[in-house]
Amino acid sequence: MQNKKPTLWRRKIGIKIRQAESADIDAIYRIEQEQFLKPWKKDYFTAELSHDLSFFYAAQDVESGDILGYMICWIIEETMETHNIAVKGEHKRQGIGSRLMDFMLAKAAEEGVQEIFLEVRKTNIEAAGFYEKYDFKRIGCRERYYSDPVDDALVYALYLRHPKSTT
Ligand SMILES: CC(C)(COP(=O)(O)OP(=O)(O)OC[C@H]1O[C@@H](n2cnc3c(N)ncnc32)[C@H](O)[C@@H]1OP(=O)(O)O)[C@@H](O)C(=O)NCCC(=O)NCCS
């Protein structure tokens with residue numbers, strides 16, 4: 001009898017997180033266009049490769065070499081700002097975003113970061129679900145922060161040790 005694979009069979013993907021390189025930019029830009037209402041321009045990604053404050057990492061399928069996601073953060077003294085994260089559509093919900101975030105959290109700890117901030121469109125339910133899983137807390141809302149289409153930004157923070165005292 002023929003051995004049939006179940007219809008929804010998927011091979012388990014081995015992922016490597018590594019520094020992004022100029023050869024990755026086309027693939028990263030395709031994911032960006034697929035995933036965002038108002039994608040970054042390609043030049044922004046190229047600029048991030050050599051920006052002093054930038055931590056720009058790619059998630060690569062170890063078998064095929066395909067780029068399946070990326071994340072860009074800046075570290076300014078004890079603060080990390082998450083500027084961009086996305087995963088290729090058909091590979092969402094397979095833990096790739098988590099691999100990128102875990103990697104950045106480890107970097108943050110290594111660099112002595114105390115707090116991480118990010119903004120997300122109010123309508124972006126999947127990103128909010130993702131950040132909340134990591135215990136990011138909503139600390140504010142910037143009205144009409146985004147354009148094309150206009151949307152509020154929810155501001156999230158994660159305090160790695162303790163909130164800074166203001167007294
Ligand atoms: C946000 C994003 C990067 C998450 O990547 P991912 O690889 O799908 O995330 P993971 O598979 O690691 O998911 C980790 C957890 O996040 C949460 N999550 C992920 N997608 C979610 C969704 N659609 N709805 C609710 N929660 C979600 C879940 O808690 C999930 O854990 P679970 O699958 O065990 O339930 C991805 O959805 C994406 O690329 N979105 C489009 C780009 C974007 O909006 N980026 C954020 C800009 S601020």
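Residues numbered from 1 in each chain as written. Predicted model: local features only at pLDDT ≥ 70, side-chain atom pairs only at ≥ 80, totals over all residues.

1. Concerning the site of the ligand
Argument step 1. If you check the shell around the ligand, you find 19 residues, and the closest are K92, G97, S98, E126 and G129.
Argument step 2. Every element with two or more residues in the shell around the ligand is listed here: strand 4 (79-87), helix 3 (96-110) and helix 4 (125-133).
Argument step 3. When residues of the shell around the ligand are assigned to their parent elements, the largest contribution, six residues, is made by helix 4.
Argument step 4. Of the residues that constitute the shell around the ligand, the class distribution is eight nonpolar, seven polar and four charged. (Near = placed C-beta within 6 Å. Helix = DSSP H or I, 4+ residues; strand = E, 2+ residues; numbered from the N terminus. Nonpolar A, V, L, I, M, F, W, Y, C, P; charged D, E, K, R; others polar.)

2. Quick word on the sheet that holds strand 5 (residues 115-121)
Argument step 1. Taken in spatial order, the seven strands of this open sheet run 1-2-3-4-5-7-6, and their pairing is mixed. The two strands at the open ends of the sheet, each matched to only one other strand, are strand 1 (15-19) and strand 6 (137-146). Adjacent strand axes in the sheet meet at a mean angle of 25° when their direction is disregarded.
Argument step 2. Pairing of strand 6 with strand 7 (residues 151-159), which is carried by six bridges, proceeds in the antiparallel orientation. When the sheet's bridge partners are listed, R138 is paired in strand 7 with Y156.
Argument step 3. Together, strand 2 (54-61), strand 3 (67-76) and strand 4 form the strand contacts of helix 1 (residues 25-35), whose direction differs from that of strand 3 by roughly 90°. (Pairing = 2+ DSSP bridges. Axes fitted to C-alpha atoms, helices over the stretch in contact; angles between N-to-C directions. Contact = placed C-beta atoms within 7 Å.)

3. Here's the deal with the nonpolar core
Argument step 1. Counting residues in each nonpolar core, the largest one holds 35 residues, and the members touching the most others are I28, Y57, Y70, M71 and L100.
Argument step 2. Contributions of two or more residues to this core are made by helix 1, strand 2, strand 3, strand 4, helix 3, strand 5 and strand 7.
Argument step 3. When sequence neighbours within four positions are dropped, the list of residues in contact with Y57 reads I17, R18, Q19, A20, Y70, M71, L100 and F103. (Core = buried A, V, L, I, M, F, W, Y, C linked by C-beta atoms within 7 Å. Buried ≥ 20, exposed ≤ 12 C-beta atoms within 10 Å, placed from the backbone.)

4. Concerning unusual backbone geometry
Argument step 1. In the segment running from D148 into P149, the intervening peptide bond is cis, with an omega of 0°.
Argument step 2. When you line up the elements, P149 lands in the loop between strand 6 and strand 7.
Argument step 3. Of note in the backbone geometry, R144 takes a positive phi value of approximately 55° without being a glycine.
Argument step 4. Note on placement: R144 falls in strand 6.
Argument step 5. Looking at R144, the number of C-beta atoms within 10 Å reads 9, which means it is exposed.

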